[in-house]
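# Chains, contacts and geometry: an overview
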Amino acid sequence: MMMDNGVITNNYDGVYRDGYMEQEEEWEREGLLDPAWEKQQKKTFTAWCNSHLRKAGTGIENIDEDFRNGLKLMLLLEVISGETLPKPDRGKMRFHKIANVNKALDFIASKGVKLVSIGAEEIVDGNLKMTLGMIWTIILRFAIQDISVEEMTAKEGLLLWCQRKTAPYKNVNVQNFHLSFKDGLAFCALIHRHRPDLIDYSKLSKDNPLENLNTAFDVAEKYLDIPRMLDPDDLINTPKPDERAIMTYVSCYYHAFQGAQQAETAANRICKVLKVNQENERLMEEYERLASDLLEWIRRTMPWLNSRQTDNSLAGCQKKLEDYRTYRRKHKPPRVEQKAKLETNFNTLQTKLRLSNRPAYMPTEGKMVSDIAQAWKGLEIAEKAFEEWLLSEMMRLERLEYLAQKFKHKADIHEDWTRGKEEMLQSQDFRQCKLYDIKALKKKHEAFESDLAAHQDRVEQIAAIAQELNTLEYHEVGAVNARCQRICSQWDRLGALTQRRRLALDDAERLLEQIDLLHLEFAKRAAPFNNWLDGTREDLVDMFIVHTIEEISGLMDAHARFKATLGEADKEYQAIVNLVHQVESIVKQHQIPGGLENPYTTLTAHELNRKWSEVRQLVPQRDGTLAAELRKQQNNETLRRQFAEQANAVGPWIERQMDAVTAIGMGLQGSLEDQLRRLREYEAGVYAYKPHIEELERIHQAVQEGMIFENRYSQYTMETLRVGWEQLLTSINRTINEVENQILTRDSKGITHEQLNEFRASFNHFDKNRTGRLAPEELKSCLVSLGYSIGKDRQGELDFQRILAVVDPNNTGYVSFDAFLDFMTRESTDTDTAEQVIDSFRILAGDKPYITAEELRRELPPDQAEYCVARMPPYRAAGAPPGALDYMAFSTALYGETDL
């Protein structure tokens, strides 16, 4: 079909030429004068007219009678064109009818159709042939002319559409609009192609044309709102059915299914947008859940790490240290992975939001990535402080145990020495003694005073140890204080008793003159020697704590010097024993009663001999103890060297991996796929290297169990290596995520590898510090280098501030490469917009400004239809029906353009 000087022509249908007779010839040639065809056209055209007139609440029964007054003809034209014709004349006179028909014909002519030789009088007179010709012209203009397939004419386009839609179907071969549709299978194929749920095509047979036609016409009328325009009997019994009648009916199929295709396209667009939105919401919910779980775990863990409560015992502190090791091995590693996953999900979500033209996601208050990083940093600080406190607490408690044992040992010796001393000092035995005995008692008392003075240092040592136990908060300090108080009180009483006895002896000294010099000499020499023996025995069994080979070597040197003095001590011992032998010889020789009793001391040669023998036995035992401690310190030194050897290898390895990952993250090496492949290789290499870390942890545990608190062979500690290892894993995961997002951006935006390299090269050029981000002034220079014109005037600054608002929406003061790449690619790519979604919804709503839940459920999949119904606000304009939904507000909200 084509336009020629305002006259519609059609290669098949011919042209209405000048003269009524010429038109009669045309109709006769075209078949309008055939009674069978005329009957088919009359029925089809009547049904076609009624399919439109019913929209205005009316219809026709006789096509050559009901259009005579022109009223329904004008109404038909208004319905099919959507325009308003001039007001009709309401009179019943012939000239009123002619006027109304002329208004209709003038309207048809205004649409570029020239009806030659068809006047209003023929229509008013009920001329069936002229009326059918006019209706066919209207059908051509308003129902068929707009059909266009591959630039063909209307008839050819409609025929090609039928051929394409029915091509896959057996026994259907559409070549024309008469015989090809006679068996009804073509009609059924068209319906089944678009609505396979309405017809079971496999059950149809070419041998049942009547059943096929009735099936197609019934289904079209019931489900497609296409009235019956053809009679199955007429089609079957007519050798060649009327072509115009079939074309008219087939055009109704075309228009019915064309709307369905538009609705399907609109529904697909909406589904695509809604799926993106649903996936983004799922990622947001997952981020909120992971963030809440991680923050809650940190909140529960911090009180334990900040607690400094112990039972003040070494065993309890060691139990806390073991609990902390379990926490680092079992409880924290999953949380490190959870934190990395959280950051990865957040970056992926922000990338998807940018790519789908959605606003950036802002987590709820307190759950930003920066909040989680701050909480994590606080956790690491608390861990370091907790471990340092545990180690210092163990050193303190170890010294407490040592001091408590030393206090007990010295107190036992002192109490053993003081046992019976008060009773002795309170004795009145000298009252019954002779002068010689009195002299002896006085000398004995002088010896006791010497011994008492010698024990003054021991008492002060006991008090000093008790004071240090109090200062270090020993858990049994009450018992220590009580015992120390008893010792000090007894010591004061001994001092007072000693003074009183001395005064008594001084009074008796005037009466007693004889003294046994040998007993006196024995007492004077035996007392300090005995005191030396007690001190020596105490020193030989004294406990010690050392942490280095140098310290144990010092003790061994001191012990060696002590052994060098044993020769002189043996001489002194022999000299004291000789005094006893002299006394025994004199007593035996002179038979002195009671002369063997030494009045000046309670010490005996037997006791000295016992103590001297004990000292000689303790010396080799002390040698063995010192040798064992030397072997322990040598083993500790070996552990230090083993740890240092491993740590000095692991530490630089971690630093090299960090430098390599940082270099890849700067995009300096190959394509994105090469970078991602290398990052995956580094990731696999890092996990393969983990046994070295575990081996280092094993050595570190042995170091701590050996109470080794310093290592001069390495600058690395286990804590710094743990932090470096965790930072390396986090850096690799974050860099992989960034590269994957860049690939996703490149592929979704369609940018080339050369463009991406250009963007990366420009970004890196102005990223002087290699931090992976640009300051505002660096960004401006980078944009200028890429060809952006940013003036130095006020307008240029405003333009640059608008760019900053896009690439740095959170006003952080810097721009990452992802944001920079997103901005550069957004300039040359197209994405779904709110206007496109609104247009899609408008198609589903039939051009209404609102849509109903029923329409959504009919056109969209169930889950996405319910998603829209639940989130779409009511349409509140005047005259809106109940349940109307505002799809415009909903669409703009999807793209962050409203506060919905």
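Nothing here was measured: the structure is a model prediction, and the numbers come from that model. (Residues numbered from 1 in each chain as written. Predicted model: local features only at pLDDT ≥ 70, side-chain atom pairs only at ≥ 80, totals over all residues. Heavy atoms only, no water.)

## A closer look at the overall build of the protein
As a reminder, the rule being used: Put simply, DSSP marks the helices as runs of H or I at least four residues long and the strands as runs of E at least two long, and each gets a number from the N terminus on. Type-normalised accessible area, obtained with a 1.4 Å probe on protein chains alone, sets the label of each residue: buried when under 20%, exposed when over 50%, and partly exposed for intermediate values. By definition, residues are in contact when any of their heavy atoms lie within 4.5 Å. Only the protein chains shown count as covering a residue, and every accessible area follows the Shrake-Rupley method with a 1.4 Å probe.
A count of helices and strands for the protein gives 33 helices and four strands. Looking at the protein residue by residue over its 900 residues, the buried ones come to 46%. Residue pairs in contact within the protein that sit at least 24 positions apart in sequence constitute 74% of those at least 6 positions apart. Element-wise, carbon and sulfur atoms account for 50% of the exposed surface of the protein, whose accessible area totals about 45,300 Å².

## Some thoughts on the packing of helix α9 (residues 185-194) against helix α10 (residues 209-223)
So the rule is basically this: Every axis in this analysis is a line fitted to C-alpha atoms, fitted for helices over the stretch in contact. Angles between the N-to-C directions lie between 0 and 180 degrees. Left-handed describes a crossing whose near helix is turned anticlockwise from the far helix through less than a right angle; right-handed describes the clockwise counterpart. Throughout, the ten residues Ala, Val, Leu, Ile, Met, Phe, Trp, Tyr, Cys and Pro are labelled nonpolar, Asp, Glu, Lys and Arg are labelled charged, and all others, Gly among them, are labelled polar.
Taken N-terminus to C-terminus, the directions of α9 and α10 make an angle of 35°; their axes are 8 Å apart at the nearest point. In this structure, α9 crosses over α10, and the sense of that crossing is left-handed. Here Leu185, Phe187, Cys188 and Ile191 of α9 lie close against α10, whose contacting residues are Asn212, Leu213, Ala216, Phe217, Val219 and Ala220. Partitioned by chemical class, the residues of the contact of α9 with α10 number nine nonpolar, one polar and no charged.

## Quick notes on the pattern of salt bridges
Where we set the bar: The working definition used for a salt bridge is a side-chain nitrogen of Lys or Arg within 4 Å of a carboxyl oxygen of Asp or Glu.
Following the criterion strictly, the structure yields 58 salt bridges and no others. Here Glu286 and Arg282 are joined by a salt bridge, their closest N and O atoms 3.3 Å apart. Of this pair, Glu286 and Arg282 both sit in helix α12 (residues 243-306), four residues apart, which is roughly one turn of the helix. The closest approach of N and O atoms between Arg493 and Glu422, which form a salt bridge, is 3.1 Å. You can see Arg493 sitting in helix α18 (residues 477-509) and its partner Glu422 sitting in helix α15 (residues 421-425), a full 71 residues away along the chain. Its relative accessible area of 40% is what places Arg493 among the partly exposed residues. Since its relative accessible area comes to 16%, Glu422 is described here as buried. Here the salt bridges do not stand alone but share partners, grouping Arg328, Lys332, Glu383, Glu387, Glu697, Glu719, Arg722 and Glu726 into one network.

## A few points about the packing of aromatic side chains
Short version of the rule: Here is the rule: rings of Phe, Tyr and Trp (six-membered ring for Trp) pair when centre to centre is within 6.5 Å. Planes less than 30 degrees apart are stacked, more than 60 are edge-to-face, and the remainder are tilted.
Applying the stated rule across the entire model yields 28 aromatic pairs. A centroid spacing of 6.3 Å and a plane angle of 40° characterise the contact between Trp417 and Trp491, whose relative ring orientation is tilted. Remark: Trp491 occurs in helix α18 and Trp417 occurs in helix α14 (residues 369-418); sequence separation between them is 74 residues. Residue class for Trp417 comes out buried when judged on its relative accessible area of 10%. Taking 6.1 Å as the distance between ring centres and 80° as the angle between the ring planes, the aromatic pair formed by Phe841 and Phe890 counts as edge-to-face. Pair noted here: Phe841 is in helix α30 (residues 834-844) and Phe890 is in helix α33 (residues 887-894), with a separation of 49 residues, a long-range link. Grouped by ring-pair contacts, the aromatic residues Phe177, Phe181, Phe187, Phe217, Tyr249, Tyr253 and Phe257 constitute a single cluster.

## A closer look at the confidence of the model for the protein
For clarity, the threshold we go by: A residue's pLDDT is the confidence the predictor assigns to it, expressed on a 0 to 100 scale.
Per-residue pLDDT for the protein has a mean of 80; in total, 89% of the residues score no lower than 70. This model gives residues 1-24 a pLDDT under 50, and the stretch forms 62 contacts once residues within four places in sequence are excluded. Contacts for the low-pLDDT stretch residues 511-515, under 50 throughout, to residues beyond four places or in other chains number 17 contacts.

## As for the environment of Phe890
A residue is classified by how much of its surface remains accessible, and Phe890, at 3% relative accessible area, is buried. Note: C-alpha distance between Phe890 and Ala834 (56 residues apart in sequence) is 9.3 Å.

## Focus on the nonpolar core
Nonpolar side chains in soluble globular proteins tend to be buried together. Definition in use: Put simply, a nonpolar core is a bunch of buried Ala, Val, Leu, Ile, Met, Phe, Trp, Tyr and Cys residues held in one set by side-chain atoms that sit within 4.5 Å of each other.
One finds Trp48, Ile138, Phe181, Phe187, Ile191 and Tyr253 to be the most contacted residues of the largest nonpolar core, which totals 79 residues. Element by element, the count of residues in this core is highest for helix α7 (residues 128-144), at twelve residues. With residues near it in sequence (within four places) discarded, Ile138 still touches Trp48, Leu73, Leu77, Ile80, Ile108 and Ala143. Listed in part, the 49 residues of the second largest apolar core include Trp725, Val739, Leu804 and Phe817.

## Quick notes on helix α4 (residues 71-81)
For the record, the criterion: Each C-beta atom gives one direction from the helix axis, and the arc is the one those directions make.
Buried within α4 are the following residues: Leu73, Met74, Leu76, Leu77 and Ile80. Seen end-on, α4 carries its buried residues on one side only, within an arc spanning 155°. The positive-phi residue at the C-terminal boundary of α4 is Gly82, with phi of around 75°.

## Some thoughts on the side chain of Asp534
Topologically, Asp534 is positioned in helix α19 (residues 517-540). Contact partners of Asp534, with chain neighbours within four places excluded, come to Arg458 and Lys611.

## Looking at α33
Helical geometry: 3.6 residues make up each α-helical turn, so side chains three or four residues apart lie on a common side. Where we set the bar: In protein, a polar contact means a hydrogen-donor-capable atom and an acceptor-capable atom, both N or O and within 3.5 Å, with residues adjacent in sequence counting only if both atoms are side-chain atoms; elsewhere, any N or O pair within 3.5 Å suffices.
For α33, every residue scored as buried is listed here: Tyr887, Phe890, Ser891, Thr892 and Leu894. Its side-chain oxygen 3.2 Å from the backbone nitrogen of Met888, Asp886 forms the N-cap of α33.

## Considering unusual backbone geometry
The phi dihedral of Asn357 is positive, around 65°, even though this residue is not glycine. Tracing the backbone through its elements, the reader meets Asn357 in the loop between α13 (314-355) and α14. Classification of Asn357 by relative accessible area gives partly exposed; the value is 32%. With phi around 55°, Asn811 is a residue other than glycine that occupies positive phi space. By the element assignment, Asn811 lies in the loop between α28 (794-807) and β4 (815-816).

## Things to note about the environment of Gln490
Along the polypeptide, Gln490 turns up in helix α18. Once the C-alpha coordinates of Gln490 and Glu422 are considered, the two residues, 68 residues apart in sequence, prove to be 8.5 Å apart.

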